[in-house]
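What follows is the residue order along each chain.
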Amino acid sequence: EIEEEPLLPKPIADDVAQSDDTTHTPGKEAKIDCSSNNELTASKTSSIIEQSENNVAILSKSFATTLAQEPKVPWKIATTVQVNGEEKKVFIPVQRHTSANGPTKWQQKQKKQGHKKGQNYCHLPDGDNGDGKKNPYPKEAVPDKFWAQRKRLFSRYDEGIQIGGKDDPEMWYSVTPESIGLHIANRMVSMISNDWKNASVAGAGETSNTQCNESKKEIVIIDAFCGCGGNSIAFARLNNNKDVIGSNARVKVIAVDNNLSRLKMAANNASIYGICKENIVLIHADAVEVINAYEEGTRKEMQSEIPSNDRCHETYFGFAVGGVELLPDHVDALFLSPPWGGLGYNMNNDNGNSGFDPVHGISLESRTHDKEDDVIKTNGGELLTMAVKAVLSESKQEGLVVAFLPRNIDGINLTRVAVTSDVKGVVELEQNVVIGKVKTV
């Protein structure tokens, strides 16, 4: 359950001033001098803005060739698994956390205060949430409910945040709400930090292991579908919270998107939140190629070639922008927030009434050439299989894969997908509850 203040309609003055949103930014942080991030030079940005024909990244020639040579086997959910040499039917035992039982804290609070039916919060006509600002976008592109909740997506929206307009309305229903993004970031980094501590304790008698863990001060997270930067910014903001990451550690975010315009929005938004340029690297590349560049958290040996986006070492608001050549040698975690299939995602399933289908509901298209119809398709099951191979290491007991999914996901089906993808051990599903309502999983 994630605490968040509801958006209340407020009295509108005759002259509506631009609201100062800095007072209610979740997780108040210490200010860091990152003024260099805001130095936008024309020479640096013009080449990015003018290259609209290269806005969508294509697969590199070597990776496209490798994919074409691999035998294409239809991805199917496993019905049996090997256990000690025996083939057994897949059985998913479910253990519900105590927090999943009974009413939420929000519901208990409303009951205590005598909350009556019909008092639910709702926006005014045209997406006005009480500040007098109406939805400026076509309603078929950006529905009023998204405009009304813009400060849930980014609490500092009024300071120049870019989400997308009529040319890219998808970002309005794709970006993770800020409170949920911060919660996910805290949980992921805490889990990684705890794994390091446990590894240090387990290897305390072995000098080499202890030295290895003590020297590992950088937590590297790949945000494979960063969009306009909601989750990437949340990860990077943890560098201002030493209680979570530790006094000597640093979170480095590899923000990946195949759409250059979205990376530019992410850079703009990160600068507004005061993110230091060393903490986020922007990768203009296809997520499938980036994920396949790793095995058990370590970068594979790649053939030397021109980057997939034909662009090298440019900056936007001080943040480095490049192709796969900027990927680090090691990653600790992979965050997946793939497209769910648009506003009608809850109807994109083959499961009848059993919820969102993570295999067929997620469909990625990777361009191999400049022609839009020349693509390689990847479904949700294939994506998770790639992610598991890329980051998780059973021998080292390292790595973390987190997927951001719809609230109507079929949990049992998702766990079967994970088993088929060679996930070992426990699969945790966490419902993100905001103001008494389940928003995402």
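Given the structure is predicted, the values throughout are model-derived calculations rather than measurements. (Residues numbered from 1 in each chain as written. Predicted model: local features only at pLDDT ≥ 70, side-chain atom pairs only at ≥ 80, totals over all residues. Heavy atoms only, no water.)

Close inspection of predicted coordinates is inappropriate for parts of the model with low pLDDT. Mean pLDDT over the protein stands at 80; residues scoring 70 or higher make up 77%. In this model, residues 207–215 is a region of pLDDT below 50 whose contacts with residues beyond four sequence positions or in other chains number six contacts. (pLDDT = per-residue confidence, 0-100. Contact = heavy atoms within 4.5 Å.)

One non-glycine residue, phenylalanine 317, lies in positive phi territory at about 55°. Here phenylalanine 317 is to be found in the loop between β8 (314–316) and β9 (319–322). Residue classification places phenylalanine 317 among the buried positions, given a relative accessible area of 12%. The backbone of isoleucine 435 shows a phi angle near 50°, a positive value even though the residue is not glycine. With respect to the element layout, isoleucine 435 can be found in the loop between β14 (432–434) and β15 (437–440). On the basis of relative accessible area, isoleucine 435 is assigned to the buried category, the value being 16%. (Helix = DSSP H or I, 4+ residues; strand = E, 2+ residues; numbered from the N terminus. Buried < 20%, exposed > 50% of the residue type's maximum accessible area, 1.4 Å probe, protein only.)

We now examine the pairing of strand β4 (residues 250–257). Along β4, six of the eight residues are buried, which leaves the element largely enclosed by surrounding structure. Note that strand β3 (residues 218–223) and β4 share six bridges and pair parallel. By the bridge assignment, isoleucine 219 is partnered in β4 with valine 251. (Pairing = 2+ DSSP bridges.)

A water-sized probe rolled over the atoms picks out the places where empty space is left. One pass over the full model with this rule turns up three cavities of 30 Å³ or more. Surrounding the largest cavity, 13 residues form its lining, Glu178, Gly230, Ile233, Ala234 and Arg237 being those nearest its centre. Considering only residue class, the lining of the largest cavity consists of seven nonpolar, four polar and two charged. For the second largest cavity, the calculated volume is near 50 Å³. Broken down by class, the residue content of the lining of the second largest cavity amounts to five nonpolar, four polar and one charged. (1 Å grid on protein atoms, 1.4 Å probe; cavity = no way out; pocket = protein on both sides within 12 Å on 5 of 7 lines; lining within 4 Å. Points joined across faces, edges and corners; volume = space filled by probe spheres on them. Nonpolar A, V, L, I, M, F, W, Y, C, P; charged D, E, K, R; others polar.)

Once that is clear, we can look at the pattern of salt bridges. Inspection of the entire model under this criterion finds 14 salt bridges. Residues aspartate 144 and lysine 139 are paired through a salt bridge, measuring 3.8 Å at the closest nitrogen-oxygen approach. Taking the shortest distance from any N to any O, the salt bridge between arginine 237 and glutamate 178 comes out at 3.5 Å. Placement of arginine 237 in helix α8 (residues 230–237) and of glutamate 178 in helix α6 (residues 178–202) is noted, with a sequence separation of 59 residues between them. Taking relative accessible area as the criterion, glutamate 178 reaches 8% and is therefore assigned buried. One connected set of salt bridges, linked through shared partners, spans Asp126, Lys139 and Asp144. (Salt bridge = Lys/Arg side-chain N within 4 Å of Asp/Glu carboxyl O.)

A few words now on helix α10 (residues 260–272). Along its 13 residues, α10 runs 19 Å from first to last C-alpha, staying within 8% of the 18 Å computed at 1.5 Å per residue. Of all 13 residues in α10, 12 are buried, a share of seventy percent or more. Leu260, Arg262, Leu263, Lys264, Met265, Ala266, Ala267, Asn268, Asn269, Ala270, Ser271 and Ile272 are the residues of α10 that are buried. Immediately beyond the C-terminal end of α10, within one or two residues, lies glycine 274, with a positive phi of roughly 70°. (Expected span 1.5 Å × (residues − 1).)

Taken together, seven strands build an open sheet; the order of strands is β8-β9-β5-β4-β3-β10-β13 and the sheet is mixed. Only two strands of the sheet have a single neighbouring strand rather than two, namely β8 and β13 (400–403). The mean angle between the axes of side-by-side strands here comes to 25°, regardless of whether they run parallel or antiparallel. Alignment of β8 against β9, held across three bridges, turns out to be antiparallel. Bridge pairing in β9 links threonine 315 to alanine 320. Against the sheet, α8 engages β3, β4, β5 (280–284) and β10 (333–336), with an angle of about 170° to β4. Lying over the sheet, helix α12 (residues 380–391) contacts β10 and β13, oriented at roughly 165° with respect to β10. (Axes fitted to C-alpha atoms, helices over the stretch in contact; angles between N-to-C directions.)

This part is about the packing of aromatic side chains. Throughout the structure, instances matching the rule amount to 11 aromatic pairs. Judged by centre distance (6.0 Å) and plane angle (45°), the rings of tryptophan 147 and tryptophan 172 are tilted. Here tryptophan 147, found in helix α4 (residues 144–148), pairs with tryptophan 172, found in the loop between α5 (150–153) and α6; they are 25 residues apart in sequence, far enough to count as distant. For the pair formed by tryptophan 147 and tryptophan 172, the shared burial category is buried. The structure contains a cluster of three or more aromatic residues connected by ring pairs, namely Tyr137, Trp147, Tyr157 and Trp172. Above the face of the tryptophan 147 ring, arginine 150 is positioned so that its terminal group lies 4.1 Å from the ring centre. Its guanidinium or amino end placed over the ring of tyrosine 273, arginine 156 lies 5.4 Å from that ring's centre, counting from NZ or CZ. (Phe/Tyr/Trp six-rings, centres within 6.5 Å; stacked < 30°, edge-to-face > 60°. Lys NZ or Arg CZ within 6 Å of the ring centre and 35° of its normal.)

In this structure, Phe154, Ile163, Met188, Ile222, Val251, Ile280 and Ile283 are the most contacted members of the largest nonpolar core, which totals 96 residues. Element by element, the count of residues in this core is highest for α6, at eight residues. Residues within four places of isoleucine 163 in sequence aside, it is in contact with Leu153, Phe154, Tyr157, Asp168, Met171, Trp172, Cys228 and Met265. Core analysis: the second largest hydrophobic core is formed by seven residues, Leu384, Val417, Ala418 and Val423 among them. (Core = buried A, V, L, I, M, F, W, Y, C linked by side-chain atoms within 4.5 Å.)

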